[in-house]
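Here is what each chain is made of, one letter per residue.
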Amino acid sequence: TPTGLALDSAARVLYVADSGNHVVRVVPVDTSTVSSRTILGVAGQNALLGGDGPAANARLDNPTALELARDQSLVIADTSNNRVLRLDRSSNVVHTIIGDGSASSAGTGRPSRVFPVHAPAGLAFDDFDNLYVTSHDTVRLVTPGPSGFADGDGSVFTIYGAPPRDRFPMSVTHCLSGIHVAPDAKVYVLDACQGFLIALERR
């Protein structure tokens, strides 16, 4: 069940979120023979392990979306584990950006790694390296840490879906999935259950 893709045009490889097998695979795109290898997770093993540590120890549960950061680290929506991870490809170490494993999107503050996110399913960066994460019924924004990229040390804010959720469409939102940051700074979000495309505009 492949659900997410990220293309590294410089390295000429395609990263694939293989949701059904609970792994992330990498596929070279310039070879005449299709081949892949697993870089995160173990096929057929879904677990909540290795949020911070060697990639070899990490286990995923239904990874859904992938995004490449400006520093070329790979960001993974580990959806059923309710967390977003960052794979440092130079050191092959995994870090938690946001998510403590609980199915909630409550609270704001820093560091983002200690705050929950509920079933993250969409990832996108803006030009300032802010990371946008869709959850079950909210959009969370994670700012860069002191390192200059989303590493778990930045702040987290809820920019859509914060309580009291009494205004439409927030009042009926419960399946946020894909997300895109447009050049005009609008943020477009899909609600897969309602069939909505929601536009968020900064004011």
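Since we're looking at a predicted model, the values are computed, not measured. (Residues numbered from 1 in each chain as written. Predicted model: local features only at pLDDT ≥ 70, side-chain atom pairs only at ≥ 80, totals over all residues. Heavy atoms only, no water.)

**Student:** For the overall build of the protein chain, give the residues involved together with the corresponding values.
**Tutor:** Across its full length, the protein chain holds zero helices and 16 strands. In terms of overall size, the protein chain behaves like a compact globule, its C-alpha atoms giving a radius of gyration of 16 Å where 203 residues would be expected to give roughly 17 Å. Expressed as a percentage of contacts within the protein chain between residues at least 6 apart in sequence, the contacts between residues at least 24 apart total 38%. A gap of 1 Å separates the mean positions of the 16 positive and 20 negative side-chain charges of the protein chain. (Helix = DSSP H or I, 4+ residues; strand = E, 2+ residues; numbered from the N terminus. Rg over C-alpha atoms; globule rule 2.2 N^0.38 Å. Contact = heavy atoms within 4.5 Å. Lys, Arg positive; Asp, Glu negative; His and termini not counted. Charge placed at Lys NZ, Arg CZ, Asp CG, Glu CD.)

**Student:** Please set out the nonpolar core residue by residue, giving values where relevant.
**Tutor:** Membership of the largest hydrophobic core comes to 18 residues, with the highest contact counts inside it found for Y15, V24, I39, L40, L66 and L74. Counting residues per element, this core draws most heavily on strand β2 (residues 13-18), at three residues. Sequence-distant contacts of L66, defined by excluding residues within four places in its chain, comprise G4, L5, A6, Y15, V16, A17, V24, L74, V75, I76 and L123. Counting 16 residues, the second largest nonpolar core, distinct from the first, contains V75, V117, F125 and V133. (Core = buried A, V, L, I, M, F, W, Y, C linked by side-chain atoms within 4.5 Å. Buried < 20%, exposed > 50% of the residue type's maximum accessible area, 1.4 Å probe, protein only.)

**Student:** Any details on the sheet that holds strand β16 (residues 196-200)? Residues and values, ideally.
**Tutor:** Within the open sheet, the three strands sit side by side as β14-β15-β16. Their pairing is antiparallel. Each edge of the open sheet is held by one strand with a lone partner, namely β14 (176-181) and β16. For this sheet, the mean angle separating the axes of adjacent strands, direction not counted, is 20°. With four bridges connecting them, β14 and strand β15 (residues 187-191) associate as antiparallel partners. Residue pairing for β15: I179 is matched across the bridge by V189. (Pairing = 2+ DSSP bridges. Axes fitted to C-alpha atoms, helices over the stretch in contact; angles between N-to-C directions.)

**Student:** So what's going on with the state of the cysteines? Which residues, and what values?
**Tutor:** Inspection of the entire model under this criterion finds one disulfide. In this model, C175 is linked to C193 through a disulfide, with the two sulfur atoms separated by 1.9 Å. With the S-S bond torsion at -45°, the cross-link from C175 to C193 turns out left-handed. On the criterion of sequence distance, the pair formed by C175 in the loop between β13 (156-160) and β14 and C193 in the loop between β15 and β16 is long-range, its members being 18 residues apart. (Disulfide = S-S within 2.5 Å.)

**Student:** Report on the sheet that holds strand β1 (residues 2-8), specifying residues and quantitative values.
**Tutor:** Across the sheet, which stays open at both edges, the four strands sit in the order β1-β2-β3-β4 with antiparallel pairing between neighbours. Bordering the open sheet on either side are β1 and β4 (37-40), each of which pairs with just one other strand. For this sheet, the mean angle separating the axes of adjacent strands, direction not counted, is 30°. Two strands pair when backbone bridges link them, and strand β3 (residues 23-28) and β4 are joined in this way by three bridges, in the antiparallel orientation. By the bridge assignment for β4, R25 is matched with T38.

**Student:** Let's hear about the environment of N92: which residues, and what values?
**Tutor:** Here N92 is to be found in the loop between β8 (83-88) and β9 (93-98). When the C-alpha positions of N92 and P54 are compared, they lie 6.3 Å apart, and in sequence the two are 38 residues distant. N92 has contacts with P54, A55 and L87, leaving out every residue within four places of it along the chain.

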